[in-house]
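# Fold and geometry: a report
Next come the chains, spelled out residue by residue.
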Amino acid sequence: MQKQMRFQERKLDSGMGMAVARRTYLRKIHDEEIGEERWENWGEVAERVAQGNTALLPEKMHEHRESEFALMKKHIANGTMLMAGRHLQHGDSTQPERNMEVFTNCSTASSSFLVFYLLMNGSGVGRAYDDDMCIVNWDFMPHVRTVLSDEHPDFDWQTDESVREAMHKYGEGKNVHWFEVPDSREGWAQAVEKIENMAFTQKHKDDVLVLDFSKVRPKGAPIHGMQDRPASGPKPLMFAINRLSSIKGAGLSQWKQAMFADHYLAECVLVGGARRSARIATKWWKDPEVFDFINIKRGGFLWSANNSVTVDDTFWKQKSDHAKKVLEAVLEASYHDGTGEPGFVNQHKLVQNDEGFDGYTDGKYAESEKFKPLKETEPLLSALAKQAQKKEFHQIPNPCGEITLNMLGGYCVIGDVVPFFAPTLDDAEEAFRAMARALIRVNTMDCLYRREVRRTNRIGVGMTGIHEFAWNAFGYGFRDLIDEEKSKDFWETLSRFKRCSRRRSPNLRQKARCYRSAHQHHYQAIWHRFQTLRPDRRRSLAEHARVPPLGAVPQRRSAD
């Protein structure tokens, strides 16, 4: 390498770097030497994140756990391994007891209560608002009332309905349903699940559902799972549900009902004051009301999602007047509405590997040890799975438009490697291998979509600082990189990193069964999409390096 590098414990940049770190993932710890509280340094972050990730290995693999811990700590502290912010924020010795959702960057969902649950866990969520995937008619939801004990610290006599008042008004008759909302993400999601499933059954249109939020901790109380950041209290969700109730009788199509429901729920999500909701909304170009979807953000409405029209090869061949009108409408909206949206998602180019996919038509594709939908919700989830199974394409991208995921539910678990900071190419390869193993360990955690995770075991190993690495290691600038003959050694090195990320260690493959008996994961993956990104996006001369067509047109970056 031109610049001699060495492993070191790096320091956070002052200014913006430190501000973002304190806002998102740094923790305050008690320093015994100075006798007061202070912020963590980067080395301490590296230690606890490595400790949490390697704690996913069972105790009987303690030798392997110790070696993996040392390796991860070295590369994270050095900056060669950049774990996603989710890992930096939540990673510690309690990781084996936590749910995987808080370690996932992105996900997908097919129902509003699952969208809401994933957003509350800090995961960005994608959803297909195709007509055939929006099967709940919210006009059939019950009359929903949100109530709070008059002894709750957040109770306001001017705006809130007390539990005692509601008991006098609604009582406990046959058509009155009471639900005491638990003080947890799962409890909040279950409140929405109650409403959505009652609407789906179309049996409770004239009933009353009373949601009692008295057990929800007050505003400002610490959230232990969010490093004691302050809670929002019950009011934001109560307000969101009251707005959601306004959908009833509004005369909206079911896909519009779903979009408004998800937007109202997303608006109230601010995870421990640290992470906003990130969403992508897609709709099939042949749906009759696709033009309403194209223009739905005009004037600043439904701002919480990035919108894209899903298209196929037939669309681009422009054989119909409808296709031309859709194209013109998208261009008109994206330019004149000032949103840059909607974009296009080439759904026919999203790699779709159905190996081991049974359609999940039993309705049990979304359940974990921590959150299991109600038994009565299974028909709803089963119906959604049957609708998805009928479709030619059942993959949509994550909110950033980078990854293809099953529209019923899947995760994006990612991490970046920075070979620029590696002293040698061998050290860089070591970081790629360590990152792949670390992310696969995350996939052994309890999660909502464990069936899909077992099936695909997908991970995303990225690379940051490509141009800096090319200059430092090979002396190549941008023009050199697009000259394949001149920079062939650089592209072959990227191919080497790609292969080592994909290749599994025999020893680890044998030991993987021990990672968590509840999941029985293996070091293997079904490659839905695997590519080496090139500046000119053409086929690389590097051995085995292939660039499949990009699935989504780049869009405005979401808050993911």
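Before reading on, note that the structure itself is shown above.
Read on for an overview of the structure. (Residues numbered from 1 in each chain as written. Predicted model: local features only at pLDDT ≥ 70, side-chain atom pairs only at ≥ 80, totals over all residues. Heavy atoms only, no water.)

## A few points about the overall build of the protein
To keep things clear, this is the line we draw: Helix and strand definitions here come from DSSP, where helices need a minimum of 4 consecutive H or I residues and strands a minimum of 2 consecutive E residues; each element is numbered from the N-terminal end. When accessible area is computed with a 1.4 Å probe and restricted to protein chains, residues below 20% of their type maximum are described as buried, those above 50% as exposed, and intermediate ones as partly exposed. It only takes one pair of heavy atoms within 4.5 Å for two residues to be counted as in contact.
When helices and strands are tallied, the protein shows 19 helices and 21 strands. The burial tally for the protein puts 57% of its 560 residues in the buried class. Intrachain contacts of the protein at a sequence separation of at least 6 include 72% that bridge at least 24 residues.

## As for the sheet that holds strand β20 (residues 414-417)
Selection criterion: One requirement defines pairing of two strands: DSSP has to find at least two bridges between them. The convention used is that axes are lines fitted to C-alpha atoms, helices contributing only their stretch in contact, and that angles between N-to-C directions extend from 0 to 180 degrees.
Strand order in this open sheet of three strands is β3-β20-β21, and the pairing throughout is mixed. Edge strands, defined here as strands with exactly one partner in the open sheet, are β3 (81-83) and β21 (460-463). Neighbour-to-neighbour, the strand axes of this sheet turn through a mean angle of 25 degrees, independent of strand direction. Relative to β20, β3 runs antiparallel, the two being bridged by three bridges. Within the sheet, the bridge partner assigned to M81 lies in β20 and is V417. Taken strand by strand, helix α14 (residues 425-442) contacts β3, β20 and β21, and its axis lies near 175 degrees from that of β20.

## Description of the packing of helix α5 (residues 112-120) against helix α9 (residues 254-267)
What counts here: Angles are sorted into four bins: roughly parallel if under 35 degrees, roughly antiparallel if over 145, roughly perpendicular if 65 to 115, and oblique for all others. Crossing handedness is read from the near helix: turned anticlockwise from the far helix by less than a right angle, it gives a left-handed crossing, and turned clockwise, a right-handed one. All amino acids are sorted into three groups, where Ala, Val, Leu, Ile, Met, Phe, Trp, Tyr, Cys and Pro are nonpolar, Asp, Glu, Lys and Arg are charged, and the leftover types, Gly among them, are polar.
Running from N to C, α5 and α9 cross one another at 25 degrees; their axes reach a closest spacing of 10 Å. One element, α5, and the other, α9, form an angle in the roughly parallel class. Classified by chirality, the crossing of α9 by α5 is right-handed. Listed contacts from α9 to S112, V115, F116 and L119 of α5 are A258, A261, D262, L265 and A266. When its residues are assigned to classes, the contact of α5 with α9 shows seven nonpolar, one polar and one charged.

## Quick word on the sheet that holds strand β9 (residues 208-212)
Across the sheet, four strands lie side by side as β7-β6-β9-β8; this open sheet has parallel pairing. At either margin of the open sheet sits one strand with a lone partner, and together these are β7 (161-162) and β8 (176-180). Two elements, β8 and β9, share five bridges in a ladder whose sense is parallel. When the sheet's bridge partners are listed, W178 is paired in β9 with V210.

## Observations concerning the packing of aromatic side chains
Heads up, the rule is: Aromatic pairs are defined between Phe, Tyr and Trp rings, using the six-membered ring for Trp, whenever the two ring centres lie within 6.5 Å; interplanar angles under 30 degrees are classed as stacked, those over 60 as edge-to-face, and all others as tilted. Either the NZ atom of lysine or the CZ atom of arginine qualifies as a charge over a ring when it sits within 6 Å of the ring centre and within 35 degrees of the ring normal.
Enumeration according to the criterion identifies 22 aromatic pairs in this entry. Look at F315 and F344: their rings are 5.4 Å apart centre to centre, the planes differ by 45 degrees, and that puts the pair in the tilted class. On the criterion of sequence distance, the pair formed by F315 in helix α11 (residues 313-317) and F344 in strand β16 (residues 343-346) is long-range, its members being 29 residues apart. Overall, the relative accessible area of 0% leaves F315 in the buried class. A residue is classified by how much of its surface remains accessible, and F344, at 8% relative accessible area, is buried. A connected cluster of aromatic rings, assembled from ring pairs, spans F432, F469, F474, Y476, F490, W491 and F497. Against the face of F7 rests K74, its NZ or CZ located 4.6 Å from the ring centre. Its guanidinium or amino end placed over the ring of F140, K205 lies 5.3 Å from that ring's centre, counting from NZ or CZ.

## Details of the side chain of D262
Here is the rule: N or O atoms closer than or at 3.5 Å make up a polar contact, with two conditions inside protein: a donor-capable atom paired with an acceptor-capable one, and, for residues adjacent in sequence, both atoms drawn from side chains.
Structurally, D262 can be placed in helix α9. Assessed through its relative accessible area of 1%, D262 is described here as buried. There is a polar contact of 2.5 Å between the side chain of D262 and the side chain of Y129. Beyond its immediate sequence surroundings of up to four residues, D262 is in contact with S112, V115, R127, Y129 and R279.

## Concerning the nonpolar core
The test is simple: In this description, a nonpolar core means a group of buried Ala, Val, Leu, Ile, Met, Phe, Trp, Tyr and Cys residues linked to one another through side-chain atoms lying within 4.5 Å.
In this structure, M83 and L211 are the most contacted members of the largest nonpolar core, which totals 109 residues. Counting residues per element, this core draws most heavily on α14, which supplies 10 residues. Dropping the residues within four chain positions of it, M83 is found in contact with V49, M72, I76, L88, M435, A438 and L439. By size, the runner-up hydrophobic cluster in this structure holds 24 residues, among which are Y129, C134, M259 and F293.

From the geometry alone we can't say anything about function, so treat these as descriptive.
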